[in-house]
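# Fold and geometry: a report
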2 protein chains.
Amino acid sequence: MKATQFFISTLKDAPADAEVVSHKLMMRAGFIKRLGAGIYNYMPMGLRVIRKVENIIREEMNRAGAVELLMPVVQPAELWQETGRFEKMGPELLRVKDRHGRDFIIQPTSEEVVTDIARQELRSYRQLPKNFYHIQTKFRDERRPRFGVMRGREFTMKDAYSFDRDAESAGRSYDAMFQAYCRIFDRMGLQYRAVAADTGAIGGDRSHEFQVIADTGEDAIIYCPTSDYAANIELAEALAPQGARPSATQSMAKVPTPGKSTCEDVAALLGLPLTQTVKSLVLAADETDDSGAVIKSQIWLLLVRGDHDLNEVKAGKIEGLKNGWRFATAGEIVEHFGCKPGYLGPIGLKGVKIVADRTVAQMADFVCGANEADFHLSGVNWGCDLPEPDLVADIRNVVAGDLSPDGKGVLAIQRGIEVGHVFYLGTKYSKAMNATFLDENGKPALMEMGCFGIGVTRTVAAAIEQGHDARGIIWPDAIAPFTVVLCPIGMDRSAEVKTAAETLYAELQALGVDVLLDDRGERPGAMFADWELIGVPHRVVLSDRGLKEGQVEYQGRRDEAATKLALADVVAHLKARLKA
Amino acid sequence: MKATQFFISTLKDAPADAEVVSHKLMMRAGFIKRLGAGIYNYMPMGLRVIRKVENIIREEMNRAGAVELLMPVVQPAELWQETGRFEKMGPELLRVKDRHGRDFIIQPTSEEVVTDIARQELRSYRQLPKNFYHIQTKFRDERRPRFGVMRGREFTMKDAYSFDRDAESAGRSYDAMFQAYCRIFDRMGLQYRAVAADTGAIGGDRSHEFQVIADTGEDAIIYCPTSDYAANIELAEALAPQGARPSATQSMAKVPTPGKSTCEDVAALLGLPLTQTVKSLVLAADETDDSGAVIKSQIWLLLVRGDHDLNEVKAGKIEGLKNGWRFATAGEIVEHFGCKPGYLGPIGLKGVKIVADRTVAQMADFVCGANEADFHLSGVNWGCDLPEPDLVADIRNVVAGDLSPDGKGVLAIQRGIEVGHVFYLGTKYSKAMNATFLDENGKPALMEMGCFGIGVTRTVAAAIEQGHDARGIIWPDAIAPFTVVLCPIGMDRSAEVKTAAETLYAELQALGVDVLLDDRGERPGAMFADWELIGVPHRVVLSDRGLKEGQVEYQGRRDEAATKLALADVVAHLKARLKA
């Protein structure tokens, strides 16, 4: 490609609303152009990256035996009503009526449509397993779209759906996709981690997020540097502290803590470590009648150590909270604790179920609220000042330094951006939509399903979050908009520069290298700044002065400085660099 | 590709709602699957054809210097309000409100968005000309979607938009796209014709439809077999008959024609040729005040020969009808003609403007209505029984046998399916949206635009309308889902067949041939029927019996019978066939 036949549009400054670095750089480098909140034009330079990402995904999906089709953007509501999602999903599902007043949705995902295809097309066990995927435009009407294409409303996703005869076969489909995802992100040249994730109501252990490592990532990735354990924070298990609970050494005492309603403040006031305090969280679980009216609400007190955070997903797995919970209202708290929030504790309660985190259950001589405004209790001990808790459970987020659940080390935390997800669905959708096949005995059986997504446009943004510096983007070769840029200086004045540049350009093109010749006639400074911002990984500068000595300058995007190369050697040099 | 790794789903019968052959065959061959009215899943086999069509388009657009980007499916209403199309367009424009109640549309076309990009990005004459295109999902909420993807609601289109500094440069952009379109449809192996089309309010002669020739086409293509004249029926000019008007030979007479209200019936009753009769069409043009209320309606009588049809587009170009017209109501007709429709004529009218088609103006001794129920007038002559008409104009559709407007022969008509359109827009959108650039003198000037569309999914259907027989589809090589299919008979029983098939498959793949190996183990009859239905252009059958003599059978999809070939020659034979 020659620059004058392409479209290059860079900006000195990012727009004020761009908060994250990928958004800023995609806007500045002319990859995207805002059309509305969370809706972007993919400009020519950005589209090249998207296409390269799509092609790698497509090749690896095909290699893994998945079959590409294309399901529509506008989908009839009927199928979404079969699974109940038309009603259940919130306003992020964009609903639209056609000219005849019929309901449609703009697809955010395609489980319903693909299951409808499967129940019609896959009639026999002989046709299974089958994996259908598409790469399609999706829309999710985010309440607050932001971060550019990282959390946009219209975006491109690859979503695959596997259909199997039984759970064992579904497991093999899952594994095949897991391996395909590894190859995809390997080929893209991204640093990533596959982390175990929560499976919610589906159960089992077959859910992994593919997280691109980036300091700016929204998600916490929990991993063990000395083993292959990795999970997201929702799932990562916090083990009980090793050893038995220490013996009590103090007597319980009521201490005035006026205005100190947080564990931090109380610890500071009493001169104790925060790890000596216990945080009280009050939840409620509503029991409803058939009409949905609340009959009764059970109040729960969940206790975590002062320096720990409640893990709401884990809380939701407690028997009694499984079918839904909410934080208690101020009124309910006063009714059951006789006290406003900030001074709550587990002592002297009636009808409140008490759950202690594993760590809390191992504490002695701890501090908690006295259920009286401006007072706490110190030196509190289980079995002594209060009965053992109703339940001991893992209800907190892990922290760095916790023991790894696999017993092979200590946990560390890094930040990541979720770009892919592999998930075993079981019969959730096949059951709702009666997607059956005939087994060897001619009996109908529900198909076992898996779903496997990759955010195409999100991957582009994540790659930038991972690869950038003060000058701009640093693309891995495989997904750069161009692999090599040739920057001739004074091409319009010097026939020698022009000839050398055109010749090199033709040679690289003939080798199949995705090369751009910058024939715009920009001054060197502006030209170099553009390509550093755009992030092309390999740059060759041709100048009159250099060519007089038969030399050009090569600089990799991560290199500190340029290297002089003989013009005759530059193709071989690039070939070697591109292979590496 | 091996069949067992792909997805093949053929049907014996087409669904009842499939009216046209392309719809029937696409359903039967498993190319598409209906999801809702005018909304289809593109199944794996169909998607392969779509991708091949897209790739040819993309390569030729790039070659012609156009630059690919991607504009969103969901577009904010604001831009559509700038051009007034948000209000003006009918219910075929699918409107949707987001969660905040803001108006959006699902794009049927992207003039507004691309003009918005251009007015922000193209600031100087130095950046012009520029041509942006995308290949994107579109939605048009047709009142009565039908004919499968031929007239679907969701479909894929390539649309390109050119931006030029002046009309002359815009003409060059137009020519470049015209040439690119010829290359595109040539490469696809389709028989097509570029026909001149009406430019409506834009004016000028820069509008061409690309029509794929097919007997089943909706459109009439007018062309001259002895010259390069071609136009659509809206535009094709009907010249005046050669020579002077014949002299009158009859006197006008009132003849009873009870119940005979059509020219055909009257001609039959009177024993005259239909070409001796004149048809009366009554139009009205409303004059409105600023509020849009009708102040006055001018009644027009348009006369065409009994065997001719009114051309409504041509009627709309008459001074006085340019700003809009409608057919007169029954009430207006009775008021101005004193008679019900069926017996109307040009004699004895007051305040009615009379337009005679060029052919009618040359007629003598003609028959027309008497403006009295159940009576016509015969032997009517201009200048004798009634004054010369207020206006003589070309207001009819041409018919086969008419003189070609270029004077080089006689017109013929064939049927076509419009798959592409190149159109010079002028400053219609740049003016509405104030899309200006700075010219050499630093003065802002409006950009001259062109728009260039190809219906991707429609082209697929049109190719089938052009290429099919009783057994199924006949694809041109370039856009076939697979170019070659290998059909081994008894591959599971015979090691020799299996080895030969696998070897040939690998050889063809290594040559870059898009080959499918049918390893499903179907019986020969079912296997052949599938591939004839699907329309793969080249088939090689491998059997135990043939291989014993070192032979395989080759059959082109259009061939009457198979040809025996030495196994050793089959690659060379296919290479020769594929090049041709």
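The shown structure was predicted, so the numbers you read here are calculated from the model rather than taken from an experiment.

Cut-offs and rules
Residues numbered from 1 in each chain as written. Chains lettered and ligands numbered in written order. Predicted model: local features only at pLDDT ≥ 70, side-chain atom pairs only at ≥ 80, totals over all residues. Heavy atoms only, no water. Domains from an automatic or database assignment. Contact = heavy atoms within 4.5 Å. Buried area = accessible area lost by both parts, 1.4 Å probe. Salt bridge = Lys/Arg side-chain N within 4 Å of Asp/Glu carboxyl O. Polar contact = N/O pair within 3.5 Å; in protein donor to acceptor, adjacent residues only side chain to side chain. Helix = DSSP H or I, 4+ residues; strand = E, 2+ residues; numbered from the N terminus. Nonpolar A, V, L, I, M, F, W, Y, C, P; charged D, E, K, R; others polar. Least-squares fit on C-alpha atoms with pLDDT ≥ 70 in both. UniProt positions renumbered as here; feature names shortened; annotations may be inferred. Phe/Tyr/Trp six-rings, centres within 6.5 Å; stacked < 30°, edge-to-face > 60°. Buried < 20%, exposed > 50% of the residue type's maximum accessible area, 1.4 Å probe, protein only. Lys NZ or Arg CZ within 6 Å of the ring centre and 35° of its normal. Axes fitted to C-alpha atoms, helices over the stretch in contact; angles between N-to-C directions. Parallel < 35°, antiparallel > 145°, perpendicular 65-115°, else oblique. Left-handed = near helix turned anticlockwise from the far one by under 90°. Pairing = 2+ DSSP bridges.

Attention now goes to the domain arrangement of chain A. Residue and element names in this part refer to chain A. Domain parsing of chain A yields domain 1 (3-237 + 413-464), domain 2 (253-393) and domain 3 (482-579). Placing the centre of domain 1 and that of domain 3 at their C-alpha centroids yields a distance of 38 Å. Each partner contributes to the interface: domain 1 provides 13 residues, whereas domain 3 provides 12 residues. Together, the buried faces of domain 1 and domain 3 total about 1000 Å²; carbon and sulfur atoms form 64% of this surface. On the surface where domain 1 and domain 3 come into contact, there are 2 salt bridges. Between Lys 52 and Asp 514 there is a salt bridge, and its shortest N-O distance comes to 2.5 Å. Across the contact surface, domain 1 and domain 3 share 6 residue pairs in polar contact (both at pLDDT 80 or more). If you list the elements that add at least two residues to the side of domain 1 that touches domain 3, you get helix H1 (21-28) and helix H2 (44-63). It is H2 that provides the largest number of residues to the side of domain 1 that touches domain 3, a total of 3 residues. Residues belonging to the side of domain 1 that touches domain 3 are distributed by class as follows: 8 nonpolar, 2 polar and 3 charged.

For the rest of this paragraph, the subject is the relation of the copies chain A and chain B. The operation relating chain A to chain B is a screw motion whose rotation component is 180 degrees, with 0.0 Å of axial translation and a residual RMSD of 0.1 Å. Put plainly, the chains are arranged around a two-fold axis. In terms of proximity to the rotation axis, the leading residue of chain A is Val 96 of chain A, whose C-alpha is 2.8 Å off the axis. Interface overlap between copies: 100% of the residues of chain A at the interface are likewise at the interface in chain B, consistent with a symmetric, same-surface contact.

When the UniProt feature table is mapped onto this chain numbering, "domain: Aminoacyl-transfer RNA synthetases class-II family profile" (unreviewed entry) sits at residues 33-476 of chain A. Helix makes up 23% of residues 33-476 of chain A and strand makes up 32%, while its end C-alpha atoms are separated by 23 Å.

Here the focus is the packing of aromatic side chains. Considering all chains together, one arrives at 25 aromatic pairs over all chains under this definition. Judged by centre distance (5.1 Å) and plane angle (85 degrees), the ring pair of Phe 132 of chain A and Phe 7 of chain B falls under edge-to-face. Placement of the pair is Phe 132 of chain A in strand S7 (residues 130-139) and Phe 7 of chain B in the segment before helix H1 (21-28), with the two residues belonging to separate chains. The pair Phe 132 of chain A / Phe 7 of chain B is uniform in exposure class, with both members buried. Residue placement shows Arg 95 of chain B over the ring face of Phe 86 of chain B; its charged tip is 5.2 Å from the ring centre. When the ring centre of Tyr 223 of chain B is taken as origin, the NZ or CZ atom of Arg 193 of chain B, which lies over that ring, is 3.9 Å away.

Before going further, it helps to spend a moment on the packing of helix H2 (residues 44-63) of chain B against helix H12 (residues 456-466) of chain B. Residue and element names in this part refer to chain B. Between H2 and H12, whose axes approach to 9 Å, the crossing angle comes to 115 degrees. One element, H2, and the other, H12, form an angle in the roughly perpendicular class. Two packed elements cross with a definite hand, and for H2 against H12 that hand is right-handed. Residues Val 49, Ile 50, Val 53, Glu 54 and Ile 57 of H2 lie in contact with H12, whose contacting residues are Val 456, Thr 457, Thr 459 and Val 460. Taken together, the residues of the contact of H2 with H12 sort by class into 6 nonpolar, 2 polar and 1 charged.

All names here are of chain A. Of all the 5 residues making up strand S1 (residues 32-36), 4 are buried; the element is thus mostly covered by neighbouring parts of the structure. Relative to strand S2 (residues 39-42), S1 is paired through 4 bridges, and the arrangement is antiparallel. In the sheet register, Gly 36 faces S2, and the bridge partner there is Ile 39.

A word on the interface of chain A and chain B. Opposite the 56 residues of chain A that make contact, chain B presents 56 residues. Note on chain A versus chain B: buried area summed over both sides is about 4600 Å², and carbon and sulfur give 60% of it. Here chain A and chain B share 6 salt bridges between them. Ionic pairing is found between Arg 51 of chain B and Glu 68 of chain A, a salt bridge with its closest N-O pair at 3.2 Å. Linking chain A to chain B there are 22 residue pairs in polar contact (both at pLDDT 80 or more). When its residues are assigned to classes, the side of chain A that touches chain B shows 28 nonpolar, 11 polar and 17 charged.

All names here are of chain B. Within the open sheet, the 3 strands sit side by side as S4-S6-S5. Their pairing is antiparallel. Edge positions in the open sheet fall to strand S4 (74-76) and strand S5 (94-97), since each of these has one partner strand only. Pairs of neighbouring strands in the sheet enclose a mean axial angle of 40 degrees, with direction left out of account. Two strands pair when backbone bridges link them, and S4 and strand S6 (residues 103-106) are joined in this way by 3 bridges, in the antiparallel orientation. Across the sheet, the residue bridging to Pro 76 is Phe 104, located in S6.

Another point: the sheet that holds strand S27 (residues 484-488) of chain B. Residue and element names in this part refer to chain B. A sheet is described by the order of its strands in space; here 5 strands give the open sequence S28-S27-S29-S30-S31, paired in mixed fashion. In this open sheet, the two edge strands, each paired with only one partner strand, are strand S28 (515-517) and strand S31 (563-566). Looking at each pair of strands side by side, their axes are set apart by 25 degrees on average, direction ignored. As paired elements, S27 and strand S29 (residues 538-542) share 5 bridges and run parallel to each other. Bridge pairing in S29 links Val 484 to His 538. Set on the sheet, helix H14 (residues 524-534) makes contact with S27, S28 and S29; between it and S27 the angle comes to about 175 degrees.

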